[in-house]
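One-letter residues, chain by chain:
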Amino acid sequence: MNEMSNIYKQFSYSEKAQKALDRKPAHFINNEWVSPSGDETIAVVDPSSGQEVSQISEATKADVDRAVAAARAAFDDGRWSDLPPIARETMMHKLADLISQNADELAELEAIDNGKPKGMAGAVDIPASAGMMHYMAGWATKLGGDMIEPMAMPRGTVHSYVRREPVGVAAQIVPWNFPLLMAVLKVAPALAAGCTLILKPAEQTSLTALRMADLVAEAGFPPGVINIITGYGHTAGDALVKHPDVDKVAFTGSTEVGKIINKNATDTLKRVTLELGGKSPVVVMPDVDVASAGAGCAGAIFFNSGQVCVAGSRLFAHSSIFDKVIEGVAGAADFWSPRPSLDPEAHMGPLVSDEQFNRVMGYIEAGKKAGASVAVGGDAPSADGYYVNPTVLVDVKPDMSVVQEEIFGPVVVAQRFDDIDEVAKAANDTCYGLGAGIWTKDVTAMHRLAAKIKAGTVWGNCHGVIDPALPFGGFKQSGLGREQARQGVEAYTELKSVIIQL
């Protein structure tokens, strides 16, 4: 093996990680590991090597039915929702603590399964997962209703109030880009609201969800409250969405799949929360410190190999500094050069799968054919894993596929602009509206642009900062509803008006 290819050789796994990989394929239902009803399995592939390292079960409809029945029974008999709120809060804090206590193993499993550097998972994914659970735990004791005087009745003749009750059984389908964090982002508010649930992690990245199941049992959750099954979205996920005993569906993933889920959920009018795709603009005004803005724009697209729903994939730099900003982003490419996920020096790993690798490389080639120029990258290292070099495309036109469509890889398209109204219009020229970034020292320009850009979150002089206390979601085809914050918990509740004549 030559020196060039040797830098892409995956590092050895720890004993703890190997033990998790050696687990017999099973589903977690009613706090027990249960054998699947079928024999089909799904390969677990390490994106850093392209090698199969484990297997998980492919859930059948019978497995889905069993998991939903467990969640349904657990909700209907009140073993979770009827507990004192402080008991639910305490148990959730216990689970958060267990996530923190097992952080090193969880970070390694995330790196093996997803391809993200273990160091990044240890610094971002795992602490954020524990933090999300801790934050949402506090809402279990703080949700309540209102006492409201009716408008049309004499005072004191009726007692009327509004109750906030858990919606019931939630089916939660999560993506592969932040596997554990996205799982906790769904699970935690449902638990705080008093719901029971079935979690289906992405078939590409189920390892940390399965490991979390052990922690759920250790934390003392009643059987049936949290059930975890593995399988494909078009089979197991579809069965969950269509199941008559599921009251709510929460999904994070592509807009294309989200539309299918929304249509299928309509048959039974299930409550739906969708966090979908994005093509987030990053606007760089002429007054910035170009060095810091360039590095920030690079991080906005190359972090997590660009596999981020809010990745800053459309860069708009003012004409007067455009060339310098591009130089800055291109100059950061070495820092973000892909390495195996267990390499301690890695800042960016491979893409999650061969399918995703081919998708991203296909977009790069389509951009080139359409006339885009490559300022940096545009290729893939010669290695066994799914590595793509950080890529900056310039000379792009608004109608190119690389400008309009979500690539979900380390590829940014850069365009020039001259005034605020022009760039606001260009930033909104997309079917998406999830996130946006603005780099400027001008507070007035910052607020003007933040008001004009149609996006669920707008960042100023930073990008991708997500906090549990702030609602998160998208405008337009980037989703329905909001997650995190009070709104994220309330999405798992129903309102009931009670009017009693005295």
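Worth saying up front: this structure is predicted, and the values here are computed from it rather than measured. (Residues numbered from 1 in each chain as written. Predicted model: local features only at pLDDT ≥ 70, side-chain atom pairs only at ≥ 80, totals over all residues. Heavy atoms only, no water.)

S.K.: Can you help me understand unusual backbone geometry in this one?
M.R.: Most peptide bonds take the trans form, and the phi angle of most residues other than glycine is negative. In this structure, Asp395 takes a positive phi of about 55 degrees despite not being glycine. Among the secondary structure elements, Asp395 is positioned in the loop between β15 (391-394) and α14 (401-404). Given a relative accessible area of 49%, Asp395 falls into the partly exposed group. Of note in this structure, Lys476 is not a glycine but carries a positive phi near 50 degrees. Among the secondary structure elements, Lys476 is positioned in the loop between β18 (457-460) and β19 (479-480). (Helix = DSSP H or I, 4+ residues; strand = E, 2+ residues; numbered from the N terminus. Buried < 20%, exposed > 50% of the residue type's maximum accessible area, 1.4 Å probe, protein only.)

S.K.: Help me understand the nonpolar core in this model?
M.R.: Where a protein is soluble and globular, its nonpolar side chains tend to be buried together. Within the largest apolar cluster, 98 residues are counted, with the highest numbers of intra-cluster contacts made by Phe221, Val284 and Leu315. The element best represented in this core is helix α7 (residues 179-193), accounting for 12 residues. Shared between two domains, this core holds at least three residues of each, these being domain 1 (13-276 + 478-498) and domain 2 (281-460). Once residues lying within four places of it in the same chain are set aside, the contact partners of Phe221 are Asn31, Trp80, Met91, Met92, Leu95, Leu191, Val216 and Ile226. Residues Ile29, Ala171, Val241 and Val249 belong to the second largest nonpolar core, which totals 26 residues. (Core = buried A, V, L, I, M, F, W, Y, C linked by side-chain atoms within 4.5 Å. Domains from an automatic or database assignment. Contact = heavy atoms within 4.5 Å.)

S.K.: Explain the domain arrangement of the chain to me, please; I cannot follow it from the model alone.
M.R.: Interface extent is often summarised as the accessible area lost during association of the parts. Considered domain by domain, the chain is made up of domain 1 (13-276 + 478-498) and domain 2 (281-460). Inter-centroid distance (C-alpha atoms) of domain 1 to domain 2 is 31 Å. Buried area between domain 1 and domain 2, both sides added, is near 2000 Å², and the carbon and sulfur share of it is 61%. There are 0 salt bridges connecting domain 1 and domain 2. Taken together, the connections running from domain 1 to domain 2 amount to 10 residue pairs in polar contact (both at pLDDT 80 or more). For the side of domain 1 that touches domain 2, the elements supplying multiple residues, two or more each, are α5 (103-114) and α6 (118-139). (Buried area = accessible area lost by both parts, 1.4 Å probe. Salt bridge = Lys/Arg side-chain N within 4 Å of Asp/Glu carboxyl O. Polar contact = N/O pair within 3.5 Å; in protein donor to acceptor, adjacent residues only side chain to side chain.)

S.K.: Please explain the UniProt feature "active site" (unreviewed entry) in the chain as it appears in this structure.
M.R.: In the numbering adopted here, UniProt assigns the feature "active site" (unreviewed entry) to Glu275. Along the chain, Glu275 falls in strand β11 (residues 271-275). If near-sequence neighbours (up to four positions away) are discounted, Glu275 is found in contact with Phe251, Thr252, Gly253, Cys309, Leu434, Phe472, Ser478 and Glu483. (UniProt positions renumbered as here; feature names shortened; annotations may be inferred.)

S.K.: Looking at this model, I keep getting lost on the environment of His318. Mind explaining?
M.R.: Among the secondary structure elements, His318 is positioned in strand β13 (residues 314-318). Spatially, the C-alpha atoms of His318 and Lys279 are 19 Å apart, while their sequence positions differ by 39 residues. Among all residues touching His318, those that are not within four sequence positions of it are Val284, Met285, Pro286, Phe417 and Asp418.

S.K.: I'm lost on the pairing of strand β17 (residues 435-439) in this one. Help?
M.R.: Walk down a regular strand and you will see the side chains alternate between the two sheet faces. Counting buried positions along β17 gives 5 out of 5 residues, so the element sits mostly inside the fold. Burial along β17 is two-sided: Gly435, Gly437 and Trp439 and Ala436 and Ile438, pointing in opposite directions, are all buried. Both strand β12 (residues 281-284) and β17 contribute to a ladder of 3 bridges, which runs parallel. Residue pairing in the sheet places Val282 in a bridge with Gly437 of β17. (Pairing = 2+ DSSP bridges.)

S.K.: What am I meant to see in helix α12 (residues 322-331) here?
M.R.: In an α-helix there are 3.6 residues to a turn, and that puts residues three or four apart on one side. Taken as a whole, α12 has its buried residues at Phe322, Val325, Ile326 and Val329. Burial along α12 is one-sided: seen end-on, the buried residues are contained in an arc of 100 degrees. Of the exposed residues in α12, those oriented more than 90 degrees away from the buried face are Lys324, Glu327 and Gly331. The inward-facing, buried residues of α12 contact β12, α11 (290-302), β13, β14 (373-376), β15 and β16 (411-417). (Arc of directions from axis to C-beta.)

S.K.: Would you take a moment to explain the sheet that holds strand β6 (residues 158-166) for this structure?
M.R.: Consider a sheet: its strands pair through backbone hydrogen bonds, and that pairing is either parallel or antiparallel. Read from one edge of the open sheet, 3 strands run β5-β6-β20, paired in antiparallel fashion. Every other strand in the sheet has two partners, leaving β5 (146-147) and β20 (493-501) as the edge strands with one partner each. As paired elements, β5 and β6 share 2 bridges and run antiparallel to each other. The residue bridging Asp146 from the neighbouring strand is Val162, located in β6.

S.K.: It is not clear to me how the packing of aromatic side chains should be interpreted in this structure. Could you clarify?
M.R.: How two aromatic rings sit relative to each other is given by the distance of their centres and the angle of their planes. With the rule as written, the count across this model stands at 6 aromatic pairs. Between Trp176 and Phe408 the ring centres are 5.4 Å apart and the planes differ by 80 degrees, which places this aromatic pair in the edge-to-face class. Remark: Phe408 occurs in the loop between α14 and β16 and Trp176 occurs in the loop between β7 (169-173) and α7; sequence separation between them is 232 residues. As far as burial versus exposure is concerned, Trp176 and Phe408 are alike and both buried. When the centroid spacing of 5.1 Å and the interplanar angle of 80 degrees are considered together, the rings of Phe335 and Trp336 count as edge-to-face. Owing to a relative accessible area of 9%, Trp336 belongs among the buried residues under this scheme. Over the ring of Tyr492 we find Lys248, and its NZ or CZ is 4.8 Å from the ring centre. (Phe/Tyr/Trp six-rings, centres within 6.5 Å; stacked < 30°, edge-to-face > 60°. Lys NZ or Arg CZ within 6 Å of the ring centre and 35° of its normal.)

S.K.: Just checking my understanding: could you explain helix α15 (residues 420-427) for this structure?
M.R.: Listed in full, the buried residues belonging to α15 are Ile420, Val423, Ala424 and Ala427. Down the axis of α15, the sector holding all buried residues measures 105 degrees, keeping them to one side. Here the buried face of α15 lies against β12, β13, β16 and α16 (443-452). The backbone nitrogen of Asp421 has a side-chain oxygen 3.1 Å away, supplied by the residue at the start of α15, namely Asp419.

S.K.: Explain the state of the cysteines to me, please; I cannot follow it from the model alone.
M.R.: In protein chemistry, a disulfide is the covalent bond that joins the sulfur atoms of two cysteines. Applying the stated criterion across every chain yields a total of 0 disulfides. Unpaired in this structure, Cys309 has its nearest cysteine sulfur neighbour in Cys431, at a distance of 14 Å. Judged by relative accessible area, Cys309 falls into the buried class, the value being 14%. (Disulfide = S-S within 2.5 Å.)

S.K.: Is there a simple way to explain the side chain of His318 in this structure?
M.R.: You can call His318 buried: its relative accessible area is 15%. At 2.8 Å, the side chain of His318 forms a polar contact with the side chain of Ser320.

S.K.: Just to check I follow, could you spell out the packing of helix α4 (residues 85-101) against helix α8 (residues 207-219) for this structure?
M.R.: The description of two helices packed together rests on the angle between their axes and the distance between the axes. Two elements in contact, α4 and α8, have axes separated by 9 Å at closest approach and are oriented at 135 degrees. Overall, the two elements α4 and α8 adopt an arrangement that is oblique. Relative to α8, the crossing made by α4 is right-handed. Contact with α4, carried on its side by Met91, Lys94, Leu95, Leu98 and Ile99, involves Met212, Leu215, Val216, Glu218 and Ala219 of α8 and no other residues of that element. Residue classes in the contact of α4 with α8 are distributed as 8 nonpolar, no polar and 2 charged. (Axes fitted to C-alpha atoms, helices over the stretch in contact; angles between N-to-C directions. Parallel < 35°, antiparallel > 145°, perpendicular 65-115°, else oblique. Left-handed = near helix turned anticlockwise from the far one by under 90°. Nonpolar A, V, L, I, M, F, W, Y, C, P; charged D, E, K, R; others polar.)

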